[in-house]
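Descriptive analysis of the structure
Here's the letter readout for the chains.
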Amino acid sequence: MRHDAPLAAVAATRTTCPYCGVGCGVLATPDGRGGAAIAGDPDHPANRGRLCSKGSALGETLGLGTRVLHPLKRNARGAYIQVSWDEALDAVANGLWRVIDRHGPEAVAFYLSGQLLTEDYYVANKLMKGFIGSPHVDTNSRLCMASTVAGHRRVLGSDTVPGNYEDLDSADLIVLVGSNTAWCHPVLFRRIQQNRAERGAKVVVIDPRVTATAEDADLVLALKPGSDSALFAGLLVHLADAGLVDRAYVERHVAGFDAALANAREIAPGLAEVAALTGLPQADIASFYALWAETPAVVTAWSQGVNQSAQGTDKVAAILHCHLATGRIGRPGSGPFSLTGQPNAMGGREVGGLANMLAAHMGYSPAEIDRVQRFWRAPRMAQAEGLKAVAMMDAVADGRLKAMWVMATNPAVSLPRADAVQAALRGLDLFIVSENVLSNDTLAAGPDFILPAAAWGEKDGTVTNSERRISRQRGFLPLPGQVKPDWWIVCEIARRLGFANAFAYAGAHQIYAEHAALSAFENEGDRDFDIGAHAALTRRAYDTLAPVQWPAPVGKSEGTARLFAEGGFFTADRKAMMQPLAMPVLAVSTSEAFPLLLNTGRVRDHWHTMTRTGLSSRLSAHIAEPTVLVHPDDAERFALTDGGFARIATAHGAVVLKVALDAGTQKGSIFAPIHWSAENASDARIGAAVQPSVDPFSGQPELKATPAAIAPISFRSRGFLLGADDVVLPADSWWTRVAVEGGQGRLFATHADAEEIMRLARAAFGSDGLIEMVDAERGLYRCALVRDGRLAAALFLGPDHDAPVWDAVKSAFASDALDPRQRLALLSGRSLDGAADQGPTVCACFGVGLNAIRAAFAEGATITVEDIGRKLKAGTNCGSCLPEIRRIGAQQRVEVPA
Amino acid sequence: MAEPLVIVGKGMAATRLVDELSQRALGRYSIAVIGAEPRLAYNRVLLSPLLAGEIGEPEIELKPAAWWQARGVSMLYGKPVTGIDRAAKSVTLADGLTLPYGKLVLATGSKPLRPPFPGGDLPGVATFRDTADVEAMRAYAERGARVVVIGGGLLGLEAAYGLARAGGQVTLLHLVDRLMERQLDAEGAVLLAAAMAQRGITVRLNASTKGFVGKDKVEAVELADGTQIPADLVVIAIGVRPNIDLADAAGLKANRGIVVDDHLASEDPAIFAIGECAEHRGQVYGLVEPAYEQARVLAARLAGREASYGGSLLSTNLKVSGVGVFSAGEFEAGEGAQIMVLRDPSAGIYRKFVLRDGRLAGCVLVGDTTGALFYLGLIRSQQDISPIRADLPFGEAYCTPRAA
């Protein structure tokens, strides 16, 4: 199965990045010591050689330190013991049988992930829906783009992305809705910026939060949370009134136009009403409408700001309506475009990994069930849509679900009411997790079995990116320990459940070929997803498969660049169906108790729950601590200070985060990152505070508008630890773990005083090689442990108002030989040459710090961002830090007028 | 005709006085310097390196003969002064010679303390004061003799170190439980003791000497508890006493030292005293820095300028190579004081700062004395150190406003 894994290869392996949905091509060259050199694949159409900060740092995340390498079984005392694969698989299979036998197939559920490869997804979906006979397969994509799937299916008739990335190069207007593209899809953002620079394309950013993406926009519409559909309903009205509706296209290819327009007029009859609903100035709305109306080559792209909403499906529909009404769809440089979050969310959608799909873009109509059953020769087909993520966890909590198998995701962090989810998982009769890592919040819920799954670099299969492009993800590292690919694990369970024949695959290529065959099975062009051209793919052909955009039916192996320019929607009458929208409203509105709206999302250099990016010191340096962004006025209102701490409480849970003032955050809203978990922070499980209200069509929860209260929290002291990973801080301390060069660090705040921390340090470090500085009256304690001429550990504590800075100590910690003359100076926490005082990282690709960039700008008022790039290389790789660099320059000019 | 200025004593204070005076008022006085030791003035501070063999005899000389000649100073050495006739304003020398003076400066320094221990007069019992002592001690040490040094203060430590370096098997006896107890706190003293031990010196604290045992020469030191420590040589280095015999004989007011005012004048306006023999505001300094400050002030006065001496801030510098010890001002935190400590025990480093109302009141540096003068300056100036407090222990370079 590992035929293509070059154990000590020197040749670069072509694969794809495991992070966002852009699906960049990556060249990985193993170093023979378990690591690899990473570069962008210049031949991959998604990125043409470019990588973002996260992708560039992939080489730093390949260690085995945090991996689970053997099947683990939970014993009576709750401890985990290593078992053989046979023992684990037999036990899991028997466990599943017992549950099915006693409670029926519908007591069993799989919770999958956009991190899985299509082949893994396919066999899991097939096993559950066709052989176990339960429809309860859902995936973390439910949190990601389920609303887009529902919107696509309701309006376009199928979950089809009409356009492709080249449209971002050739559009004259690019509208980004609810998308911090600069941070979350940096490589696409660079393409957009290039188009803007070279072709003068205009960029409009629509987002309640003014993010880095807005730094480079022609128009920024910071609308009220949840009012997107009002804005686009108003646009539809404007287009109609301006006589810009493409009558011919609508006549031939669109149903429900008049009803939809009437509905739009009810919601947004005029600018005044739109202004009232969105909180935007009429002038801005007008210029947006005018711009959109007068620009045929327009791409409207959206991400989680649209999807993660209790009205996400309507928001998607509202956008699609405008493109349908003008026929601006599937044409070069124009169309609606969902920018997916995960590397293989699309692949999951294609196999049917979502609970409201069956397989290969087929649903649960009797004909479709029958067709899939015949293709699979399935003994026991699921008969109706299954439980969607949030409902699925409710079913776990109330005992309707007895057995659950979680693969490649961390629901105890990412789902709404994450604490309740974690508790519910604990109560399962049979809880199985396929994982890469040995420890995370989901594993903390105590699965009966932990199955060691292959990670990126070891896995072998295919992924589909946001533009329907199927690419091979290839292994370039050997499978460590007992680790196995997810598809292998699923097939072994299927075999033990008695379905050996249906799951006897010689390799991932055979699974893919079957998946392709199913997509083409009885598909007379009435189903969008058809990759029949790959149905007979040999292993060699599979291994050399070039990136291709589906549909790729038999005879069209070159794939399809765009769809729907000439209609041809995948509905009975081949017409798209415009849908009436509900009045825009948030699922739960603010109250006296919860006066703010909690918005959640990503930061630039981290991914999901940080199991991978958290291993890179470079990526951890940009935003080191879980931080809540607050508008300065709200900070004043709630007595919060920049750099202080705040407790954020909702009806569901609470967290404590560092506070950062941010004028870009809308008044009345706060923003918190999704990445931190109990693994790497004491009080930052934001999922625990997020509400479970879901969209009626997509079941996607409203993760970006949970009513919340915020209040300052104060500590006596603040400090940091380097090394000494096992040192336990005093109870009630706030801490966050940060990957640093040479090991791990912790930033913390505590109610303990210098004396107590000194006792703690001495107990932990002993006196041999311990260097100390004590100023108890000042609440100051610093110590460094020097062993074998290197800085083995350090602990700095200062009063709350004067937290120690760790850059200088960090660089000493990184070096394996400590200059004896520096022993004492170490505790000064400073380096006189200033070299180590980098400040927070701005450019993660080249590790350039804020101070260096400030200094460079300070050299003259004429210094441009390009000069910075030439001088420091900052911003010259992925460019996701360019907006930040531009802002630093601007600030500099304000501060030092030259 | 220049006024005759007679300086009794030919040590560091006297030399500095001539130096300062010659820069201010060369020719105003005809200067005569009279010394008991039959050699040119030398740097007493360098006696222990000399003993250790780290430097040679020529290197400790303060100024060459030519320097004195160039300043027209008549040098009379090896000729102790036997009396002062204040009425006649003249001094008499051992050989009967009488010199008139317009102004007389007493810089007679001090004598080693030598308590009347039983057996104290046995051969092999010595003190540590001048080059003659050093030669004798080296002779013993170089043949690996067993040496007992009595006194764990500056002098004793320097003697012990010198002897050990020169080859002696040295035991250091100290009366109390802590070395340099007048300059060091407990933690600093412990580090210092360890450093001495590393240099092959056996340190015995709480060791009170009862007497010396031996027939025709010293053979052992007997302690109060009865234990005997074999010794071929015993060096008594428990301190010094101001040398005020002349002043007493002349009826000048003297307590421990010759009492002088802020102009360094004794009760006789024509007679001055500087250095270890002088007592200013009840304080007698056994250190070189105050002597230099006094010399500077007196030189200015004699040159007819306004100047006055307000006393010196006590600061101690142990000159034992590799064992830096610096102490200044308050070294134990008294009432209302705050302490800041920087310690690196495995490197033998200890830095303690005593703070009062945001000002530096004193500090102790053991192992690494860099920045000593900087801290001394802060103690003297009493400036507010709050803004640099956290950086203080790391030296002057760090004590600059933090970069943004």
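For the structure, check the block above.
The paragraphs below set out a description of the structure included in this document. (Residues numbered from 1 in each chain as written. Chains lettered and ligands numbered in written order. Predicted model: local features only at pLDDT ≥ 70, side-chain atom pairs only at ≥ 80, totals over all residues. Heavy atoms only, no water.)

Section: the overall build of chain A
Within chain A, the secondary structure is distributed over 30 helices and 34 strands. For 898 residues, the compact-globule estimate of 2.2 N^0.38 gives 29 Å, and the C-alpha radius of gyration of chain A, at 27 Å, lies within 12% of that figure. A principal-axis box enclosing the C-alpha atoms of chain A has dimensions of 80 × 70 × 55 Å. A total of 898 residues make up chain A; the buried ones form 65% of that total. Put simply, chain A shows about 29,500 Å² of open surface, and 52% of that area lies on carbon and sulfur atoms. (Helix = DSSP H or I, 4+ residues; strand = E, 2+ residues; numbered from the N terminus. Rg over C-alpha atoms; globule rule 2.2 N^0.38 Å. Buried < 20%, exposed > 50% of the residue type's maximum accessible area, 1.4 Å probe, protein only. Areas by Shrake-Rupley, 256 points an atom, 1.4 Å probe, with all protein chains shown as cover.)

Considerations on the sheet that holds strand β25 (residues 669–673) of chain A
One closed barrel holds the six strands; their spatial order is β21-β25-β22-β24-β23-β26 (chain A), and the pairing between them is mixed. Each strand axis lies, on average, 45° off the axis of its neighbour in the sheet, ignoring direction. (Pairing = 2+ DSSP bridges. Axes fitted to C-alpha atoms, helices over the stretch in contact; angles between N-to-C directions.)

Overview of the packing of helix α3 (residues 118–132) of chain A against helix α20 (residues 486–499) of chain A
Residue and element names in this part refer to chain A. The interhelical angle for the contact between α3 and α20, taken along N-to-C directions, is 20°, at an axis separation of 8 Å. By the angle class used here, α3 and α20 are roughly parallel. In terms of crossing hand, the pair formed by α3 and α20 is left-handed. Of α20, the residues touching α3 (which contributes E119, D120, V123, A124, L127, F131 and I132) are D486, W487, V490, C491, I493, A494, L497 and F499. A class-by-class count of the residues in the contact of α3 with α20 yields twelve nonpolar, no polar and three charged. (Parallel < 35°, antiparallel > 145°, perpendicular 65-115°, else oblique. Left-handed = near helix turned anticlockwise from the far one by under 90°. Contact = heavy atoms within 4.5 Å. Nonpolar A, V, L, I, M, F, W, Y, C, P; charged D, E, K, R; others polar.)

Some words on helix α12 (residues 282–294) of chain A
The terminal C-alpha atoms of α12(A) lie 18 Å apart, and with 13 residues this matches the ideal 18 Å at 1.5 Å per residue to within 8%. Among all positions of α12(A), only I285(A), F288(A), Y289(A), L291(A), W292(A) and A293(A) are buried. (Expected span 1.5 Å × (residues − 1).)

Section: the sheet that holds strand β2 (residues 25–30) of chain A
All names here are of chain A. In space, the three strands of this open sheet follow the order β1-β2-β3, with antiparallel pairing throughout. Each edge of the open sheet is held by one strand with a lone partner, namely β1 (13–16) and β3 (36–40). The average undirected angle you get between the axes of adjacent strands in this sheet is 35°. Bridge analysis of β1 against β2 gives four bridges, and the strand direction is antiparallel. Residue T13 lies in a different strand from β2, and its bridge partner there is A28.

What about the packing of aromatic side chains?
Residue and element names in this part refer to chain A. All chains considered together, the criterion is met by 24 aromatic pairs over all chains. Seen from their ring centres, W85 and W488 are 5.3 Å apart, and the 75° between their planes marks the pair as edge-to-face. One end of the pair, W85, is in helix α2 (residues 85–103); the other, W488, is in helix α20, with 403 residues separating them in the sequence. For the pair W85 and W488, a shared accessibility class is recorded, and that class is buried. Here the aromatic rings of Y512 and Y542 are separated by 5.6 Å at their centres, their planes lie at 40°, and the arrangement is tilted. Here Y512 is found in helix α21 (residues 508–520), whereas its partner Y542 is found in helix α22 (residues 539–543), with 30 residues between them in sequence. Judged by its relative accessible area of 1%, Y542 falls in the buried class. (Phe/Tyr/Trp six-rings, centres within 6.5 Å; stacked < 30°, edge-to-face > 60°.)

Digging into the interface of chain A and chain B
Across the contact, 20 residues belong to chain A and 24 residues belong to chain B. Around 1,900 Å² of area is buried between chain A and chain B when both sides are counted, 50% of it from carbon and sulfur atoms. Across the contact surface, chain A and chain B share four salt bridges. Measuring nitrogen to oxygen at the nearest pair gives 3.2 Å for the salt bridge that ties D391(B) to R830(A). Where chain A meets chain B, there are eight residue pairs in polar contact (both at pLDDT 80 or more). Only β30 (770–775), β31 (780–787) and α27 (822–825) of chain A provide two or more residues apiece to the side of chain A that touches chain B. No other element matches β30(A), which puts six residues into the side of chain A that touches chain B. Residue composition of the side of chain A that touches chain B, by class: nine nonpolar, three polar and eight charged. As paired elements, β30(A) and strand β23 (residues 338–344) of chain B share three bridges and run antiparallel to each other. Bridging from a neighbouring strand, E772(A) pairs with R343(B) of β23(B). (Buried area = accessible area lost by both parts, 1.4 Å probe. Salt bridge = Lys/Arg side-chain N within 4 Å of Asp/Glu carboxyl O. Polar contact = N/O pair within 3.5 Å; in protein donor to acceptor, adjacent residues only side chain to side chain.)

Thoughts on the pattern of salt bridges
Applying the stated criterion to the full structure yields 67 salt bridges over all chains. Its salt-bridge partner being D775(A), residue R389(B) comes within 2.6 Å of it at the nearest N-O pair. Within this pair, whereas R389(B) is found in the segment after α9 (372–381), its partner D775(A) is found in strand β30, the two belonging to separate chains. Here the two residues R389(B) and D775(A) agree in accessibility, since each one is buried. E3(B) is the salt-bridge partner of K103(B), the closest N and O atoms lying 3.2 Å from each other. In this pair, K103(B) sits in strand β7 (residues 103–106) while E3(B) sits in strand β1 (residues 3–8), placing the two residues 100 residues apart along the sequence. Here the salt bridges do not stand alone but share partners, grouping D86(A), D90(A), E492(A), R495(A) and R496(A) into one network.

Some words on the nonpolar core
Residues and elements named next belong to chain A. Core analysis: the biggest nonpolar cluster contains 70 residues, and L127, W376 and F503 have the highest contact counts within it. Setting aside chain neighbours within four positions, we find W376 in contact with Y122, N125, K126, K129, G130, F131, A359, M381, E514 and L518. Among the nonpolar cores identified, the runner-up in size contains 57 residues, and V250, A268, V274 and F564 belong to it. (Core = buried A, V, L, I, M, F, W, Y, C linked by side-chain atoms within 4.5 Å.)

With respect to the environment of K129(A)
Residues and elements named next belong to chain A. Relative to the helices and strands, K129 resides in helix α3. With a relative accessible area of 0%, K129 lands in the buried category. Separated by 124 residues in sequence, K129 and H253 place their C-alpha atoms 34 Å apart. Setting aside chain neighbours within four positions, we find K129 in contact with S134, P135, V137, G352, L354, M357, L358, Y364, W376, R380, M381 and A382. Looking at K129, its side chain comes within polar contact range of the main-chain oxygen of M357, at 2.6 Å.

Remarks on the state of the cysteines
All names here are of chain A. Tallying each qualifying case throughout the model produces zero disulfides over all chains. Free of any disulfide, C24 has its nearest cysteine sulfur in C20, 6.0 Å distant. By relative accessible area, C24 is classed as buried at 7%. Unpaired in this structure, C184 has its nearest cysteine sulfur neighbour in C20, at a distance of 8.3 Å. (Disulfide = S-S within 2.5 Å.)

Describing the packing of α2(A) against α20(A)
All names here are of chain A. In the contact formed by α2 and α20, the axes pass within 9 Å of each other and the chain directions differ by 60°. Classified by the interaxial angle, the pair formed by α2 and α20 is oblique. The interaxial crossing formed by α2 with α20 has right-handed handedness. Between α2 and α20, the residues in contact are W85, D86, L89, D90, V92, A93, L96 and W97 and W488, I489, E492, I493, R496 and L497, respectively.

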